[in-house]
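Architecture at a glance
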Amino acid sequence: MQSSAGFRPDPKDWTLAYDDFDPEQERLREVLTSTGNGYFCTRGSAEWADVDDIHYPGTYAHSCYNRETTIMGGRPVLNEDLVNLPNWLVLKLRIEGNEPINLKNVELLSYRHEVDFRNATVIRKLRFRDRGGRETTLASRRFVSMFDMHQAALEWTITAENWSGNVEVITALDARVINQGVARYRELEGHHLHPVASRNPGPDIISLIAQTRQSHIYVSEAARTRVYDENGEIEIKRGLYQMEDYAHQTLGFELQQGQPVRVEKLVSFYTSLDQAINEPLTNAEKAVKSFGTFGEAFSLHQRAWDELWDDCDIRVPNDERVQFLLRFHASHVLQTCSPHTADLDAGVPARGLNGEAYRGHIFWDELYVYPFLNFRLPKITRGLLMYRYRRLDEARALAREAGYRGAMYPWQSGSDGKEETQIVHLNPRSGLWEADLSQNQRHVSAAIFYNIWHYLQATGDTDFLLGPGAEMMMEIARFWSSIAHFNPERGRYEIHGVMGPDEFHEKYPGSSKAGLRNNAYTNVMVAWISDVAGRLLDMLAERRRRSLCERIGLTNQEIELWKEMSRKMYIPFHADGVISQFEGWEELEELDWDAYRREYGNIQRLDRILRAQGKEPDRYKLSKQADTVLLFYLFRQDELKQIFERLGYPYTTETLRKTVDYYDARTSHGSTLSFVTYAGIFSEINPGVSWERYMVALESDVGDIQGGTTAEGIHMGVMSGTLDLVQRSYMGEVIRDDILYLNPKDMAHLRGLSLPMRFRGLLIEVTLEDGRLRVNAEVDSLNRSVKLGVGDQVREIRSGEGYTFIL
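Scoring rules and cut-offs
- Residues numbered from 1 in each chain as written.
- Predicted model: local features only at pLDDT ≥ 70, side-chain atom pairs only at ≥ 80, totals over all residues.
- Heavy atoms only, no water.
- Helix = DSSP H or I, 4+ residues; strand = E, 2+ residues; numbered from the N terminus.
- Rg over C-alpha atoms; globule rule 2.2 N^0.38 Å.
- Buried < 20%, exposed > 50% of the residue type's maximum accessible area, 1.4 Å probe, protein only.
- Contact = heavy atoms within 4.5 Å.
- Areas by Shrake-Rupley, 256 points an atom, 1.4 Å probe, with all protein chains shown as cover.
- Phe/Tyr/Trp six-rings, centres within 6.5 Å; stacked < 30°, edge-to-face > 60°.
- Lys NZ or Arg CZ within 6 Å of the ring centre and 35° of its normal.
- Pairing = 2+ DSSP bridges.
- Core = buried A, V, L, I, M, F, W, Y, C linked by side-chain atoms within 4.5 Å.
- Salt bridge = Lys/Arg side-chain N within 4 Å of Asp/Glu carboxyl O.
- Polar contact = N/O pair within 3.5 Å; in protein donor to acceptor, adjacent residues only side chain to side chain.
- Axes fitted to C-alpha atoms, helices over the stretch in contact; angles between N-to-C directions.
- Disulfide = S-S within 2.5 Å.

Helix and strand counts for the protein stand at 20 helices and 34 strands. Relative to its length of 807 residues, the protein is compact, with a C-alpha radius of gyration of 27 Å against a globular reference of 28 Å. In terms of overall dimensions, the protein has a C-alpha envelope of 90 × 70 × 55 Å along the principal axes. For the protein, the proportion of its 807 residues judged to be buried stands at 63%. Long-range contacts, defined as pairs at least 24 residues apart, comprise 68% of the intrachain contacts of the protein with a sequence gap of at least 6. For the protein, the accessible area works out to roughly 29,100 Å², and carbon and sulfur atoms hold 45% of it.

See below:
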């Protein structure tokens, strides 16, 4: 496992810190020390840094997408990207008229770069000696406000250590940015912004507005920069330079030896997608004029984070490393999905809002994200699910184009819900562009159905069920009954032409036809969906049921078909009872795993290795990540037993053990999500192995175990999945018959574990003590109550009450 040189965790201080400057690690550190508020997010780049082979300043906002076409080999290739937006960070220091200071033209005497993730604040402190022998200390703090979604703030403290003299600070807004943060995308068009105008609406304010080239989204920033000494704001000499896509002010003043001077840059950020505005530039300028000081803004920002931690802090007192990483992950999840996100038209970008990997697209990673939010900040989940509902018509159109009915959601989604999956993909090992067939991962629609159902279970949100929820679920079930066909020879329903989560297998060896037959994960999910959909209508009042059926044209014949499919989906098995990943898997070749490990070391991306050798991954018995075994993660054993027995297939504890052992030996874990999944599964059968996998997942981003991918954006699914694992697998959370059951595992690492959970609107605090599980419910003016169970013990707990279960 790789780790960043100079990394020094300090769990008590909630701080990820680096005590040296390492050019090779800088882009990774920029991602890990990003700061965001669920509306926009900025990488932890140094303010003085321009884009080069070391640094990559980047700011990204939910829903700010743009499409551009690249001509490749005479063929137009259209891609939609989350746009790198104007850089608001720019502050540069010039001493005695010399060139601006950067780390290449000074001698570093000391350096520290950190993020306080309790409040997502990026901090740098450096002492340097310039070419004139002058020694200077520069301390920087900045944040994107969790209190005011449109605000960011930056503070420099400059101290001349052994000299006095004149300095000049350059403060700028820069819209000359392009998307170039992912090396393998650089052959594709990265220019997404048109310059519009820059302005100087006040003596200490600069502003600019740019527009995305195709989607015509206006993006505006305004910056107010002032200089202070210990007695207050000081008079400075200002200069101004403007272009359409760039504006800067120069701030000239004198430094006295040993006397610190502070530079405060307050920034406002608006787009034309925002609500309750006139137009972005005017609003940005108006907002920045009304901002208080850096200290006042930081106090409000800090208070907003404190409120979030009250709902979200998972406490593990007996393991400092685990405690540190859980909080680090929660901070990043909340930087991408915060209460501000709930009111946006936003989905969950698989790589967060601090990089350009996957082009900022929305996949199925929300399957791993929502469970953590469901039990803490369910309004965020509701808002994110509305992203899918607003794109229901596009999913219906996508199904129709493919010859199906209902709603077929795209594998990759962006602005409007059309399929954004690339048709070609660059293999960095071979340097060749290869066909990309991954849009056949139709299981994303199953994940959306699953997400809606489990949101409803955790919240009891009947309004959402009666409106968007039921409609999406019915249309997804309709799609699956449309893509499935009945095989009279087997007397069962089958699904052909799809891919499972594995991703290494896109088709059969040597075949020109995309997709596989009867992926077991997909078919079992469809059997479950068909059962839930068939029963769901019975949960609705007759008036609501009639209205829904009339609105989407749902017939009794369709409902009966779902009930039949819930009993007759085909599931392939190996002869020894192992669930087959798909029909025909047994005919594939075994791979010499040891030989590939000896030759390549890290073989997580075996597909790229094999293709670079001229071989097809489709030929071999190998998986990129959990596929069939994902069923054991998403469903409890009693649920799976019920599904399989309803289908007429045997299911025993050996089914779980044999299937997991078989695929574990044939999985490269090319996605870090796989470690989350296997950790959850092994919690049932081998707690020691489970914890080993869990620690790999916990360390995966901070240690960049995939060798460079985290620098392109955090992995939202892994960060949130590690949080969910604590409640789902180790605390044993499951909802059954409107009762929240907790059946904690006896694991030394988690003794004293305490976590907040919001169930059906009531916030409870759950604490593991020696042989006991203590539950305390917050005082609630509505006097709500919930039912909790541990084993056979079930207790109704009202607001303000507590109860101790004996384990």
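Of all nine residues making up helix 5 (residues 366-374), nine are buried, and the element is well covered by its neighbours. Listed as buried for helix 5 are E366, L367, Y368, V369, Y370, P371, F372, L373 and N374.

Following the criterion strictly, the structure yields 41 aromatic pairs and no others. Ring centres 5.8 Å apart and planes at 75 degrees place the aromatic pair Y39 and F269 in the edge-to-face group. Of this pair, Y39 sits in the loop between strand 3 (35-36) and strand 4 (40-42) while F269 sits in strand 20 (residues 261-271), and the two are 230 residues apart along the sequence. Residue classification places F269 among the buried positions, given a relative accessible area of 1%. One aromatic cluster is present, built from ring pairs that chain together W14, F117, W305, W309, F324 and F328. Over the ring of Y246 we find R176, and its NZ or CZ is 4.4 Å from the ring centre.

It is worth spelling out the environment of L755 at this point. Structurally, L755 can be placed in strand 29 (residues 754-759). Linking L755 and R315, residues 440 residues apart in sequence, is a C-alpha distance of 6.1 Å. When residues no more than four places from it in sequence are discounted, the contact partners of L755 are D313, I314, R376, Q727, M731, I764, E765 and V766.

In regular strands, side chains alternate between the two faces of the sheet. As paired strands, strand 28 (residues 739-741) and strand 32 (residues 785-790) are joined by two bridges and run parallel to one another. Along strand 32, the bridge assignment pairs L740 with L788. Sheet analysis places strand 32 next to strand 33 (residues 793-798), joined by six bridges and oriented antiparallel. Bridge pairing in strand 33 places K787 opposite E796. Between strand 32 and the antiparallel strand that follows it, strand 33, lie two residues; G791 among them carries a positive phi value of about 60 degrees.

Trans peptide bonds make up most of the peptide bonds, and negative phi angles are found at most residues other than glycine. In the Ramachandran plot, R760 falls in the positive-phi region, its phi being about 50 degrees despite a non-glycine side chain. The topology assignment puts R760 in the loop between strand 29 and strand 30 (762-769). For N783, which is not glycine, the phi torsion reads 55 degrees and is therefore positive. Inspection of the secondary structure puts N783 in the loop between strand 31 (772-777) and strand 32. Judged by its relative accessible area of 45%, N783 falls in the partly exposed class.

This next bit is on the sheet that holds strand 4. In space, the three strands of this open sheet follow the order 3-4-5, with antiparallel pairing throughout. Each edge of the open sheet carries a strand with a single partner, namely strand 3 and strand 5 (59-61). In the sheet, strand 4 pairs with strand 5 via three bridges, with the strands oriented antiparallel. If you follow F40 over to strand 5, its bridge partner there is A61.

Attention shifts here to the nonpolar core. Here is a general trend for soluble globular proteins: nonpolar side chains tend to be buried in one another's company. By size, the foremost hydrophobic cluster in this structure holds 171 residues, and its most contacted members are W364 and M474. Every residue in contact with W364, bar those within four places of it in the chain, is listed here: W411, H443, V444, A447, P501, Y521, L630 and L673. With 54 residues, the next largest nonpolar core counts V106, L126, V177 and V261 among its residues.

Enumeration over the complete set of coordinates arrives at 71 salt bridges. Among the ionic pairs, E155 bridges to R262, the shortest N-O distance being 3.2 Å. In this pair, E155 sits in strand 12 (residues 151-160) while R262 sits in strand 20, placing the two residues 107 residues apart along the sequence. When its relative accessible area of 8% is taken as the criterion, E155 is described as buried. With a shortest N-O distance of 3.3 Å, E564 and K568 are connected by a salt bridge. Taken as a pair, E564 and K568 lie in helix 12 (residues 556-568) at a separation of four residues, close to a single helical turn.

Next up on the list: the side chain of R124. With respect to the secondary-structure elements, R124 resides in strand 10 (residues 121-129). Polar side-chain contacts of R124 include one of 3.1 Å to the side chain of E26. Of the polar contacts made by the side chain of R124, one reaches the side chain of H113; its length is 3.4 Å. In contact with R124, other than residues within four places in its own chain, are E26, G44, S45, A46, W48, Y111, R112, H113, L138, A139, S140 and R142.

Bringing the sheet that holds strand 30 into the picture now. Spatial ordering of the open sheet is given by 29-30-31-34, a layout of four strands whose pairing is antiparallel. Each edge of the open sheet carries a strand with a single partner, namely strand 29 and strand 34 (802-806). With direction set aside, neighbouring strand axes in the sheet form an average angle of 25 degrees. Relative to strand 30, strand 29 runs antiparallel, the two sharing six bridges. What sits directly across from P756, in strand 30, is E765.

On inspection of all chains with the given rule, the structure shows zero disulfides. Of all cysteine sulfurs, the one in C41 lies closest to C337, which takes part in no disulfide; the gap is 11 Å.

To continue, consider the side chain of R388. In this structure, R388 sits in helix 6 (residues 378-390). Owing to a relative accessible area of 1%, R388 belongs among the buried residues under this scheme. At a separation of 3.2 Å, a polar atom in the side chain of R388 contacts the side chain of E366. Apart from the residues within four sequence positions on either side, R388 is in contact with I362, F363, E366, Y409, S413, V444, I448 and M472.

So, about the environment of T271. Tracing the backbone through its elements, the reader meets T271 in strand 20. Each C-alpha atom, one on T271 and one on V219, is 4.4 Å from the other, the two residues being 52 residues apart in sequence. The residues contacting T271, other than those within four sequence positions of it, are Y39, C64, I217, Y218, V219, I277 and P280. Of the polar contacts made by the side chain of T271, one reaches the backbone nitrogen of L273; its length is 3.0 Å.

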